[in-house]
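What follows is each chain in one-letter form.
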Protein chains: 2
Amino acid sequence: MSDPSPLAPGAIVGIIGGGQLGRMLAMAAARLGLRTIVLDPAAECPASQICNGHIVADYDNITALDELAQRCDVVTYEFENVPVRGVERLVGRVPVHPGTQPLEVAQDRLAEKDFLTAHGLVTAPYAVVDSQDAISGALEAVGGTGILKTRRLGYDGKGQMRITADGIPVDAFAQLGAVPLIVEGLVDFEYEISVIAGRGVDGSMTSFEPSRNEHRDGILAASTVPSGASDAVIAEARRLAALLLESLDYVGVLGLELFVMADGSLLANEFAPRVHNSGHWTEAACSPSQFEQHIRAVAGHQLADPVRHVDATMVNLIGDDVDDLAAFHADPRATIHLYGKSDTRPGRKMGHVTTVTPR
Amino acid sequence: MSDPSPLAPGAIVGIIGGGQLGRMLAMAAARLGLRTIVLDPAAECPASQICNGHIVADYDNITALDELAQRCDVVTYEFENVPVRGVERLVGRVPVHPGTQPLEVAQDRLAEKDFLTAHGLVTAPYAVVDSQDAISGALEAVGGTGILKTRRLGYDGKGQMRITADGIPVDAFAQLGAVPLIVEGLVDFEYEISVIAGRGVDGSMTSFEPSRNEHRDGILAASTVPSGASDAVIAEARRLAALLLESLDYVGVLGLELFVMADGSLLANEFAPRVHNSGHWTEAACSPSQFEQHIRAVAGHQLADPVRHVDATMVNLIGDDVDDLAAFHADPRATIHLYGKSDTRPGRKMGHVTTVTPR
């Protein structure tokens, strides 16, 4: 189905997934005069409070998907674990960006590593693990110390276990669910950066300045720009993101996480085929934000080369962090953004705060 | 009724009026984790696409107002022509900010001028006109040239007529509807500025830097910061806005329009007891925006002294201006904000664009 681009004000963007990313995409769409319909099984999902319509159904519900295709002018998704067969149901009925291939690649850590290395990006060494017995040999192949990860459905540090050659738990494979795994060699990187990059329907590409990311308990804790990376590292990071966008024939915004090595080389960690937590600072510090950039891309509008107005640090509000915002309220440089989640749970992302300082 | 301040995430802010100001207030509330219920008779009003609930009813519908009071933790309004008796229905049932007095004052040009002058602000000369015969004497009293205006329900240049002593139309009073009028003496000002100022439940006050405003056909066309006014003029403008906030015992944000005279003195033109079109640039250029500041105030949160990160010019998209946004899409410094209105009509505010440049 050809793209009816660009979408005029009043057109409808479908969003599969109604979490905080869908919520912020819906806000960006609204500011561009577009309407949104969200597909999410949770009646109280964060995006439901912002979107124009909410189809409450599972992501692979055929009736719901057909309704989404029928009511929307274009469809996108806000998380990488949308069932591919659901998105395939839409194809041919309504334009879908970024399409099925980025999902297929991003949903499987093995497919992802294979794709990255096949297209000129370097990753940490990795090997397949399909049984308890295979762990030892795979670990040796990646250097003797590594992280065992489920190939599918891992996020925020879930489905992972760090192992060394002399201490492989006898039930490691079982502990991770006896599902297909990979082991990634542990690399001694200096720090992590990520690039939020976008590609339009016309193939034009643009990226935000990479942020430096800190994690805590496997969850992103903070992202800061400027990252402290050299100009050469920044340029290389942007080049790699553009390479990935091209390789996937991608339309929309993605987030690419990279490890910066002592010699300045970059290893690709993983990418997410969607707006990314490490790009939330763009809302407070850039025009346009990553959310607007993604909506522009899927709506067929021209992308804008983003301008960063200020230095910025974004911190996630995780679990009961959200209970004490008074200090942030008092700081005019702090932009608070909460997600409308009514239940605070440990490890749950409740919001974020971006603190800016003049450049 | 005492204020249950500050409101916790998930609390509900009622907004009377669902136009673009209500829409932008609802977005700001959402980012602070608050929910919104809008009262507006138009099922398709701009805020209906963003808010969490929409009571479709007239502003003086008692049943609707009682429902609003029952469902909300605090109520505010987005335009100054809300019937005072409607807001009075809420008082005692739910906290209402900024309350009834600012409405009563702002709804009647005579009451407004009287209030401003009684509280230390200087206005252009003005006189009451209650009949055709009274025009001549009133005009003489204000200097011989002036603008005849309806006392109530005028906006965007509607309900106004410029007159001179030697050319008073014989049906001037009838043309303006044979309703109570005032005549304002024409003043030879250099330019107009406006101050967006806010006051919290605790009485603390803060203001945004004044913008310089240009009008076309009686409608705001553009607002620019910096305004070009001297530091002394800026300080005096902010002092007057604070004086007005105090005089009204105001909670929330208001917009005060001021004429800058050749000698640097300031005449108060009018104020609006709400967020103001001339403050839309704050969304793209400041943290917090006028919308967030207003929500903070009515929700009982601490106000933040706003920081302006960039220079900015906001232009309104009026009528079919909205049909050609390609040039703005191409400019990364341009933040487009459309209001979700499906019918484009001449003179209708369809959106705005704020173009920013580094300071």
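Owing to the predicted nature of the structure, the values given are computational and were not obtained by experimental measurement. (Residues numbered from 1 in each chain as written. Chains lettered and ligands numbered in written order. Predicted model: local features only at pLDDT ≥ 70, side-chain atom pairs only at ≥ 80, totals over all residues.)

A. Focus on the domain arrangement of chain A. Domain boundaries in chain A define domain 1 (12–96), domain 2 (125–185) and domain 3 (191–358). Placing a centre on the C-alpha atoms of domain 2 of chain A and another on those of domain 3 of chain A gives a separation of 29 Å. (Domains from an automatic or database assignment.)

B. View of the relation of the copies chain B and chain A. Of the transformation superimposing chain B on chain A, the axial component is 0.0 Å and the angular component is 180 degrees, with the fit at an RMSD of 0.0 Å. When the rotation and shift are considered jointly, the pair of chain copies conforms to a two-fold rotation axis. The position closest to the rotation axis in chain B is occupied by the C-alpha of B:Ile50, lying 2.4 Å away. (Least-squares fit on C-alpha atoms with pLDDT ≥ 70 in both.)

C. Seen up close, the environment of B:Gly146. Among the structural elements, B:Gly146 can be located in strand S6 (residues 145–150). Non-local contacts of B:Gly146, meaning those with residues more than four positions away in its chain, are made with B:Leu139, B:Ile163, B:Val183, B:Glu184, B:Gly185 and B:Leu186. (Helix = DSSP H or I, 4+ residues; strand = E, 2+ residues; numbered from the N terminus. Contact = placed C-beta atoms within 7 Å.)

D. Helix H2 (residues 62–71) of chain B, seen in detail. All names here are of chain B. Those residues of H2 that fall on the buried side of the exposure criterion are Ala-64, Leu-65 and Leu-68. Each buried residue of H2 lies within a common arc of 100 degrees when the element is viewed along its axis, so the set occupies one face. Pointing more than 90 degrees away from the buried face of H2 are the exposed residues Ile-62, Thr-63 and Gln-70. (Buried ≥ 20, exposed ≤ 12 C-beta atoms within 10 Å, placed from the backbone. Arc of directions from axis to C-beta.)

E. Spatial organisation of the sheet that holds strand S3 (residues 53–55) of chain A. All names here are of chain A. In space, the four strands of this open sheet follow the order S3-S2-S1-S4, with parallel pairing throughout. Sheet topology places S3 and strand S4 (74–77) at the edges, where each strand pairs with a single neighbour. Across this sheet, the average inter-strand angle for adjacent strands is 25 degrees, counted without regard to direction. Sheet analysis places strand S1 (residues 12–16) next to strand S2 (residues 35–39), joined by five bridges and oriented parallel. Paired with Gly-14 across the bridge in S2 is Ile-37. Most of the contacts of helix H2 (residues 62–71) go to S2, to which it runs at about 170 degrees, and overall it touches S1, S2, S3 and S4. (Pairing = 2+ DSSP bridges. Axes fitted to C-alpha atoms, helices over the stretch in contact; angles between N-to-C directions.)

F. Expanded view of the interface of chain B and chain A. At the junction of the two partners, chain B supplies 37 residues and chain A supplies 37 residues. Counting only elements with at least two residues in the side of chain B that touches chain A, the list comes to helix H1 (20–31), strand S18 (334–338) and strand S19 (349–358) of chain B. The dominant element in the side of chain B that touches chain A, judged by the number of residues it contributes, is S18(B), at four residues. When grouped by side-chain class, the residues that make up the side of chain B that touches chain A number 18 nonpolar, 14 polar and five charged. (Nonpolar A, V, L, I, M, F, W, Y, C, P; charged D, E, K, R; others polar.)

G. Examining the pairing of strand S2 (residues 35–39) of chain B more closely. Residue and element names in this part refer to chain B. Here S2 lies mainly inside the structure; five of its five residues are buried. Side chains Arg-35, Ile-37 and Leu-39 project from S2 onto one buried face, and the interleaved Thr-36 and Val-38 project onto a second face that is buried too. In this region the chain leaves strand S1 (residues 12–16), passes through H1 and returns to the parallel neighbour S2; the handedness of that crossover is right-handed. (Right-handed = clockwise from strand over helix to strand, strands pointing away.)

H. Representation of the packing of helix H1 (residues 20–31) of chain A against helix H10 (residues 290–298) of chain A. Residues and elements named next belong to chain A. It is the contact of H1 with H10, at a shortest axis distance of 8 Å, that shows an interaxial angle of 70 degrees. Regarding the angle of H1 to H10, the classification is roughly perpendicular. Remark: the crossing between H1 and H10 carries right-handed chirality. Here H1 contributes Met-24, Leu-25, Met-27, Ala-28 and Ala-29 to the contact with H10, which in turn contributes Phe-291, Glu-292, His-294 and Ile-295. Here the contact of H1 with H10 is composed, by residue class, of seven nonpolar, one polar and one charged. (Parallel < 35°, antiparallel > 145°, perpendicular 65-115°, else oblique. Left-handed = near helix turned anticlockwise from the far one by under 90°.)

I. Just unusual backbone geometry, in detail. In this model, B:His97 is joined to B:Pro98 through a cis peptide bond whose omega is 5 degrees. Locating B:Pro98 in the fold gives a position in the loop between helix H3 (84–90) and helix H4 (100–106). For A:Asp217, which is not glycine, the phi torsion reads 55 degrees and is therefore positive. As for its position among the elements, A:Asp217 is in the loop between strand S11 (211–216) and strand S12 (219–225). You will see that B:Asp249, though not glycine, has its phi angle at about 45 degrees, which is positive. Summarising the element assignment, B:Asp249 is placed in the loop between helix H8 (231–247) and strand S13 (252–260). With 12 C-beta atoms packed within 10 Å, B:Asp249 lands in the exposed category.

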